[in-house]
Amino acid sequence: MRRKLAAGNWKMNGTSAALSELEALARNFPSSDIDILICPPATLLHRAAGIVRETSVSVGGQDCHAAASGAHTGDISADMLVDAGASAVIVGHSERREDHGEQNETVRAKASAAMGAGIKAIVCVGESLEQRETSKTLDVIADQIEGSIPDQSTGDNLVVAYEPIWAIGTGKVPSLSDIQEVHDFIRTLLDQRFGKETAESVPLLYGGSVKPDNASDIFGVPNVDGALVGGASLKASDFSDIVKALEAA
Ligand code: PGA
């Protein structure tokens, strides 16, 4: 059956000093029944991989290019992430979709590149506030799932993160029933496209203002297999509490 995953996305935060937080997290979880992942800035990835070695924490990238190599100044390929020690990469985060104009097609190509390089693609989907308020949420999710998830997806190489854009970094969280509605819907979409066995094996994460004090409630929602955590992943103490809530769920 699918594994639970607590994933932290440090975004564009952290220089060398931040690695002490990762050291503390790794000390807290020498072993665990669940998967624990931190996606630091690319500049820290290789050192981060050294810190978490032989613990239950692994590290990943925040984005990758769709091509294996070439003339793409400033970009990083999935193979380069693997070389630096990554076991996963986030693709299609709403901040990439917004800041860099990434469309579903690009996200799908990046996810495909990650899978080809042998690491998990954490594909992010989520609606804007306007889309939520005009009852377009499920249409948007269906379009992003269809467009952003590659055909070669399996329970071993794909994770889907549902992140309502209006909940990211705002302290606002959808109701538990709204989270369940979207997660159930994503599971159904995966079932229709990949069949029941694959659909049941893909971890579905919720992301958007997950904190130590709301984590247990969110992890109690059916079809929520973990979280993608931004702000609260920057402090080992906060993220450890979220990991413990998921272990206990
Ligand atoms: P947040 O970010 O936890 O700070 O809301 C979540 C995310 O963007 O993955």
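Look up: the structure comes first, before these words.
A few points on the structure.

Here is what the cut-offs are and how they apply
- Residues numbered from 1 in each chain as written.
- Predicted model: local features only at pLDDT ≥ 70, side-chain atom pairs only at ≥ 80, totals over all residues.
- Heavy atoms only, no water.
- Salt bridge = Lys/Arg side-chain N within 4 Å of Asp/Glu carboxyl O.
- Helix = DSSP H or I, 4+ residues; strand = E, 2+ residues; numbered from the N terminus.
- Buried < 20%, exposed > 50% of the residue type's maximum accessible area, 1.4 Å probe, protein only.
- Axes fitted to C-alpha atoms, helices over the stretch in contact; angles between N-to-C directions.
- Parallel < 35°, antiparallel > 145°, perpendicular 65-115°, else oblique.
- Left-handed = near helix turned anticlockwise from the far one by under 90°.
- Contact = heavy atoms within 4.5 Å.
- 1 Å grid on protein atoms, 1.4 Å probe; cavity = no way out; pocket = protein on both sides within 12 Å on 5 of 7 lines; lining within 4 Å.
- Points joined across faces, edges and corners; volume = space filled by probe spheres on them.
- Nonpolar A, V, L, I, M, F, W, Y, C, P; charged D, E, K, R; others polar.
- Near = heavy atom within 4 Å.
- Polar contact = N/O pair within 3.5 Å; in protein donor to acceptor, adjacent residues only side chain to side chain.
- Areas by Shrake-Rupley, 256 points an atom, 1.4 Å probe, with all protein chains shown as cover.
- Pairing = 2+ DSSP bridges.

Inspection of every chain in the model, using the stated rule, returns 15 salt bridges. The residue arginine 108 makes a salt bridge to aspartate 151 at a minimum N-O spacing of 3.3 Å. Of this pair, arginine 108 sits in helix 5 (residues 104-116) while aspartate 151 sits in the loop between helix 7 (137-148) and strand 6 (158-162); the two residues are 43 residues apart in sequence, bridging distant segments of the chain. For arginine 108, a relative accessible area of 25% translates into the label partly exposed. The closest approach of N and O atoms between arginine 193 and aspartate 151, which form a salt bridge, is 2.8 Å. Of this pair, arginine 193 sits in helix 8 (residues 176-194) while aspartate 151 sits in the loop between helix 7 and strand 6, placing them 42 residues apart in sequence. A relative accessible area of 26% means that arginine 193 is categorised as partly exposed. Aspartate 151 gets classed as exposed once you look at its relative accessible area, which sits at 57%. Among the charged side chains, a salt-bridge network with shared partners connects Arg2, Arg187, Lys196, Glu200 and Asp225.

Our focus in this paragraph is the packing of helix 7 against helix 8. Between helix 7 and helix 8, the least distance of the axes is 10 Å, while the angle of their chain directions is 40°. One finds that helix 7 runs oblique with respect to helix 8. Every pair of crossing elements has a handedness; the one defined by helix 7 and helix 8 is right-handed. Every residue of helix 8 that contacts helix 7 at Thr137, Leu138, Ile141, Ala142, Ile145 and Glu146 is listed here: Glu181, Val182, Phe185, Ile186, Leu189 and Arg193.

The next subject is the layout of surface pockets. Estimates place the volume of the largest pocket at around 580 Å³. Lining the largest pocket are 24 residues, with Lys11, Met12, Gln62, Asp63 and Arg96 positioned closest to its centre. A total of three residues in the lining of the largest pocket trace back to one element, the largest contributor, which is helix 4 (residues 94-99). Residue composition of the lining of the largest pocket, grouped by class: eight nonpolar, ten polar and six charged. Here the second largest pocket defines a volume of roughly 270 Å³.

It is worth spelling out the site of the ligand at this point. Contacts to the ligand come from Lys11, His93, Glu163, Ala167, Ile168, Gly169, Gly208, Ser209, Leu228, Val229, Gly230 and Gly231. Contact between the ligand and glutamate 163: an oxygen atom at 2.7 Å from a side-chain N or O atom of the residue. Serine 209 is positioned with one of its backbone polar atoms (N or O) 2.8 Å from an oxygen atom of the ligand. Here the ligand has 280 Å² of accessible area as a free molecule, and 97% of this is covered by the chains. Of the residues belonging to the shell around the ligand, the class tally is four nonpolar, six polar and two charged.

Tracing the backbone shows isoleucine 165 in the loop between strand 6 and helix 8. Between the C-alpha atoms of isoleucine 165 and glycine 60, which are 105 residues apart in sequence, the distance is 22 Å. The residues contacting isoleucine 165, other than those within four sequence positions of it, are Ser94, Glu98, Gly126, Glu127 and Ser128.

The next thing to look at is the pairing of strand 6. Along strand 6, five of the five residues are buried, which leaves the element largely enclosed by surrounding structure. In the sheet, strand 5 (residues 120-125) pairs with strand 6 via five bridges, with the strands oriented parallel. Residue pairing for strand 6: valine 125 is matched across the bridge by tyrosine 162. Of the pairings in the sheet, the one linking strand 6 to strand 7 (residues 204-207) comprises three bridges and is parallel in character. Looking at strand 7, one finds that tyrosine 162 is bridged to tyrosine 206.

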